[in-house]
Each structure stands twice: as structure tokens, then as C-alpha cells.
Amino acid sequence: MYIPPHPKGTRTRVLLTSVFGPFAQDDEYGSRAINPVELYHNQVTREQGPFSIRMFHRSWGIMLIQQNISAPSTLLDFPTRKRFIREITRCHYDVIGISAIIVNVGKVREMCRLARLHSPRSLVVVGGHVSAIPGIESMIDADVIVKGEGVAWFRRFLGEPVDRPLQHPAIRSSFGFRLMGLPGPSGGGNPAATIIPSVGCPMGCNFCTTSAFFGGKGKFINFYERGTDLFKVMCEVESTLGVSCFFMMDENFLLYRKRALELLECMKAHDKSWSMYVFSSANALAKYDIRQLVELGVTWVWLGLESPRSGYAKLKGTDTVALTKELQRHGIRVHGSTIIGLEHHTPDNIVDEIEYAVGHDSDCHQFMLYTPVPGTPLYRQMEDEGRLLPDVDLADIHGQYKFNFRHRAISRDASKSILDWAFRLDFERNGPSLYRLIRTMLEGWRRYHQDRDPRVRARFALEGRQLRTGYGAALWAMEKYLREWNQPVSDRIRALRLEVERELGGLARALDHLIGPALLWSARREVRRFPKGRRLEPLTFVDRRNWSEAPVG
């Protein structure tokens, strides 16, 4: 539907907001205790007890929109319901923009109702993945539903040049880091900034909400075509935030090889020793030799490790177990991701499939249920085949609970049991992810701390300092904690701790024995106080931009 530009143009007052909390408890608006707003504790390390990695991430999409409009704007991130009401009551906004994912549709509905009640003259705009729900127009009382990328829509609506170069915000990748019951330094001691080179993914896996939302298979929106442009953005963020580590929020960053190698040349020319966390498919990784990845600063790869029988193009012709080991030998942490409940899965083969995934011994491992999410090709397929289960609340369609469709061989209740077992098996077999991360860091430090390239040496010197000044103490605590019920893993952790102490010197050993007992005490206390895990909520953020130019009234 065509929406004419707002008559106030760039004088339009805009509120951009995420949905309200709380997020880690069951409530009437669709929050679920099983689905907290913590990526790692929710989908990766949730069965790892006190060693689960706890952190939050900002709502990057609305941060990107705010940075790229000239209108006076407020960004309200993770508000309470009361704080949202106070904001729209205290200030008059011409536009109230609400961004959400599908599971939070109940909160969107309530925020639309509150906007009508407390700010009836405001135009209510809803965007994000929630807009992909079929029939969303009749479920919420919004004036406009934006489907797809939001910067261009807002620029058009405010009468600004749509094709103006994107201005990237300086985004701290995470906040609220906790481990073993204690707050820790941001990013575990090496804080990262988030960079968004593009949105969407051309690989187009049938279950992928991100790919579907931004156009589907073969389509994506590239904000930065050239490595030189990306380099400039990273330099600006480095200067603003004082970081040298970047989380590249791009569904398949390494797929665009020309851009990545051009970025590498810029890094070499300007002596930048950066670290990068990237998403990549196995077939994209195959386009690089390991030396290129190391020089580019690839420190962490999020890699799909679906079953070889799944047939996805991103895995074609790749031995992912061998690939994982090769990356780890060069200090590159592998974050594996495995889908449970694919069409070929049965009670007879699912154990072997999960054993295969766990056998990668990746540094972190995400398990997700095969889930037809509204807007994806998989959802349309299941709908056409009549296999979507009736009466499944949209708040429960997130891949960490139970199937929302009729699987040919596995029941809905069994899907949750299998998923939970996969997480437990990975933890029991391979140990805490923190231990595995430290193991890979040591492998990289050994290989590269005396490298011929000073940029590479500098990056691994930083990792050596992390190993020397605290990571070994975490190993000490994990070793002692696991000794009583998982002796094989405890022994492996002990062996790694002794290697770190031997390689990094006396200070490492002294700190291990000084700080380790305190971490062990804290971990045990955390489990006693919160046997099912501590519920954490993110802070509320209020960011105003161009606000001094806002008209009164």
C-alpha cells in the first residue's frame, strides 16, 4: 500500500522502539521463560549450567534506521511497559515505530493499543520479522506495516534521498556479560563492535527467516559493495568505540570474496590488526586458503553443520568435520549450528545424526528445531501440505521448544526431548564452550605468536594476554567443578590448564591458583541459588538524536 510522505518531512518526530520486557518469564503478552532474549544462553550454552555464556545484544535494526534519518528521533530499546507509556505520554510523536520478531506479536498488539490510547494522533508503524505473519494486518492496530528493509522506507516517508550513502552507527556488539555467576568485562576482555555489511542471504535455505524477509533465494541488500567502503566504516567505529574486534552481522560475509580480499588489502596497507567474527557457509570458506583467513583476522566462524544428507547447497562437497579441525588448528573458533527434525530424520537415525554433529567438537554449538516460521518457503510448503499444527501460539514458534508442524516420523513432544538431549550430549561429551574456546585460542597462539606478519603477531599477542591473565583461572574452576561427575572432561581441562601455564609462564599459574578458587565458589553458589538458571533482563536504553531540533508541542 502506498503511503505518502509525511507533511512535516524531516521535522517529523519519530519514536523507534523494541517491544517491552520482561523477556525471561511466561506472561500474558507472549514472553516465554524458555526463550530469553539472550542468544547464547537461549540457543547455544543453555545446558552448561554456571558456565553458560550470558550476554545481551541491542536491537541493531532500529539503531541503523535512527542513524540514517534526519528527523528528531528517540530510540527506546528494551523498555518496560510502564516506560513505553511514559515516553509516548510525555512527548508527542508524529510516528511511533515498533520493531519486533514473530514471537513478540502479542507485545506488538499491546503497544499498538497503548499508542492509540495515549498518543492517538501518532501514526503507528510496525516492522521487523513480525510483519511476515500472514494476516498480520488484522491482528494488530497499526497504520502501516513495513515488510523488508526499514532505512529506505523511512527515508522515503520523511522525504529524504533514499539512495544517500548509509551512515553506520557505532554499535557495541554486546552488553551485560556474565559468567560463573559474576559480571565480566565486555566481550570477555576483547569487546567487539557490530558491523552490518548487508542484510539477507542469497543461499536461501528454506527455513531461513532472514533470507526470506529480505527477498529470498538469490537476493540480498548490500549496504557496502566495496571493501574500501567497509574499511572506512570500520575505522570510524574503531575510533569511536576504541575496539579492534568486529562482529560482522552479515548472513554469509565470506561469500563476497572480492569485497573481503579488498578489505584485507586495506588492512595491510594501514597496518590494521583486527579480529572478526563472521557467519559463513562451508562452500564460501572453500574459496579462501587458511592464510587469507588468518591475515583477514577471522577469529570466529558461525558455520552451518546440518546433516550431510540434508541436501543444502552451502554444504555441497564439504567434509565439515575436517574443516572444523583445520580452522581450530589455526586459532579460528568454530560456532557450529545444527538443525534437528529435518525431513529425513527418524527415531532410527536421529541419534546418529546428533552424534555426528557433536563429533565436530566445535567451540560452540547451536541446536535448533526444524521450524516452519511464517514468511519462509518452509512455512508455505507445510501450509500447502496441511502439516501445520493448529492452535500453536506464535510465541512458541522459535525453534527451542517443540515442533509447530506434523513431522512424518517424530512427534511434537519427542522433538523437545531430542533437542534437550542434543544440548546435554554436547556439554557432557565436549565440555563447556569456554574450555573449548580457550583450547582453540592456545592452538592459534602457538602457531602464530611469532608469525612473520606483524599484524598477525599483534592479534595473537592480545589473545596471549587474555590466556595469561584470567582464562586459566576459569579453567581451574571448571576442572574442579566437573571432577565429581565428569572425570574425563575434567582431566582434559586440567591438561589444557597445565599447557597454558607452561606456555604462558609463571604469572598465568599464579593467577590460576589465586582467582580460580573464587570463580569455583561463585559457580557453585550460582547453581545453589538458581538451580534452573538465573533469569536476567536487559537494561533499558534511551537514545535521542537531532533532538535539539525537535519542535515543541
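Refer to the structure presented above.
Note that the structure is predicted; figures quoted are calculated from it, not measured.

Enquirer: Whenever I open this one, the pairing of strand E16 (residues 333-340) confuses me. Can you help?
Expert: Two faces make up the sheet, and in a regular strand the side chains alternate between them. The buried count for E16 comes to eight of eight residues, which makes it a mostly enclosed element. Side-chain alternation along E16 places Arg333, His335, Ser337 and Ile339 on one buried face and Val334, Gly336, Thr338 and Ile340 on a second face that is also buried. Pairing of strand E15 (residues 298-304) with E16 involves five bridges; the strand directions are parallel. When the sheet's bridge partners are listed, Trp300 is paired in E16 with Arg333. Here E16 pairs with strand E17 (residues 364-369) via six bridges, running parallel. Counterpart to Ile340 in the pairing with E17 is Leu369. Where the polypeptide runs from E16 across helix H13 (residues 350-358) and back to E17, its parallel neighbour, the crossover connection is right-handed.

Enquirer: Would you take a moment to explain the sheet that holds strand E2 (residues 54-56) for this structure?
Expert: Within a sheet, neighbouring strands are paired by backbone hydrogen bonds and run either parallel or antiparallel to one another. The three strands are arranged E2-E8-E9 in an open sheet whose pairing can be described as antiparallel. The strands lining the two open edges of the sheet, one partner per strand, are E2 and strand E9 (182-183). Two strands pair when backbone bridges link them, and E2 and strand E8 (residues 175-179) are joined in this way by two bridges, in the antiparallel orientation. The residue of E8 that forms the bridge with Phe56 is Phe175.

Enquirer: Any chance you could explain the side chain of Ser122 here in plain terms?
Expert: Here Ser122 is to be found in the loop between helix H4 (105-118) and strand E5 (123-127). Of note is the side chain of Ser122, whose polar atom sits 2.4 Å from the backbone oxygen of Tyr93. Within polar-contact distance, the side chain of Ser122 engages the side chain of Ser119 at 2.5 Å. Sequence-distant contacts of Ser122, that is, excluding residues within four places in its chain, are made with His92, Tyr93, Asp94, Ile96, Arg116 and Asp143.

Enquirer: Hey, could you run me through the packing of H13 against helix H15 (residues 412-430) in this one?
Expert: Packed helices, taken two at a time, are described by the angle between their axes plus the distance between the axes. At a minimum axis distance of 10 Å, the contact between H13 and H15 shows a crossing angle of 40 degrees. For the element pair H13 / H15, the angle class is oblique. Considering the relative orientation of H13 and H15, their crossing is right-handed. Packed against H13, whose contacting residues are Ile350, Val351, Ile354, Glu355 and Val358, the element H15 presents Ile418, Trp421, Ala422, Leu425, Asp426, Arg429 and Asn430 at the interface. By residue class, the composition of the contact of H13 with H15 is eight nonpolar, one polar and three charged.

Enquirer: Any chance you could explain the environment of Ala523 here in plain terms?
Expert: Its place among the elements puts Ala523 in helix H19 (residues 506-529). Judged by relative accessible area, which is 1%, Ala523 ranks as buried. Between the alpha carbons of Ala523 and Glu501 there is a distance of 22 Å; along the sequence they are 22 residues apart. Dropping the residues within four chain positions of it, Ala523 is found in contact with Pro50, Met180 and Tyr481.

Enquirer: How should I be thinking about the sheet that holds strand E10 (residues 192-195) in this particular structure?
Expert: Judged by pairing direction, the sheet is mixed, and its seven strands sit side by side in the order E7-E10-E13-E14-E15-E16-E17 without closing on themselves. Single-partner strands in this sheet number two, and they are strand E7 (171-172) and E17.

Enquirer: Sorry, what's going on with unusual backbone geometry here?
Expert: Leaving glycine out, the prevailing phi sign among residues is negative, and the prevailing peptide bond configuration is trans. With an omega of 5 degrees, the peptide bond running from Gly21 to Pro22 counts as cis. Secondary-structure assignment places Pro22 in the loop between strand E1 (14-17) and helix H1 (39-43). Here the phi dihedral of Met180 falls at roughly 55 degrees; this positive angle occurs in a residue that is not glycine. In this fold, Met180 is placed in the loop between E8 and E9. Of note in this structure, Asp271 is not a glycine but carries a positive phi near 55 degrees. When its relative accessible area of 53% is taken as the criterion, Asp271 is described as exposed.

Enquirer: Is there a simple way to think about helix H16 (residues 433-448) in this case?
Expert: At 3.6 residues per turn, the α-helix brings residues three or four places apart onto the same side. For H16, with 16 residues, the first-to-last C-alpha span of 23 Å sits near the 22 Å given by 1.5 Å per residue. Across the 16 residues of H16, 12 count as buried, placing the element largely inside the fold. Looking at H16, one finds that the buried residues are Ser433, Leu434, Tyr435, Arg436, Leu437, Ile438, Thr440, Met441, Leu442, Gly444, Trp445 and Tyr448.

Definitions and limits used
Residues numbered from 1 in each chain as written. Predicted model: local features only at pLDDT ≥ 70, side-chain atom pairs only at ≥ 80, totals over all residues. Heavy atoms only, no water. Buried < 20%, exposed > 50% of the residue type's maximum accessible area, 1.4 Å probe, protein only. Helix = DSSP H or I, 4+ residues; strand = E, 2+ residues; numbered from the N terminus. Pairing = 2+ DSSP bridges. Right-handed = clockwise from strand over helix to strand, strands pointing away. Polar contact = N/O pair within 3.5 Å; in protein donor to acceptor, adjacent residues only side chain to side chain. Contact = heavy atoms within 4.5 Å. Axes fitted to C-alpha atoms, helices over the stretch in contact; angles between N-to-C directions. Parallel < 35°, antiparallel > 145°, perpendicular 65-115°, else oblique. Left-handed = near helix turned anticlockwise from the far one by under 90°. Nonpolar A, V, L, I, M, F, W, Y, C, P; charged D, E, K, R; others polar. Expected span 1.5 Å × (residues − 1).

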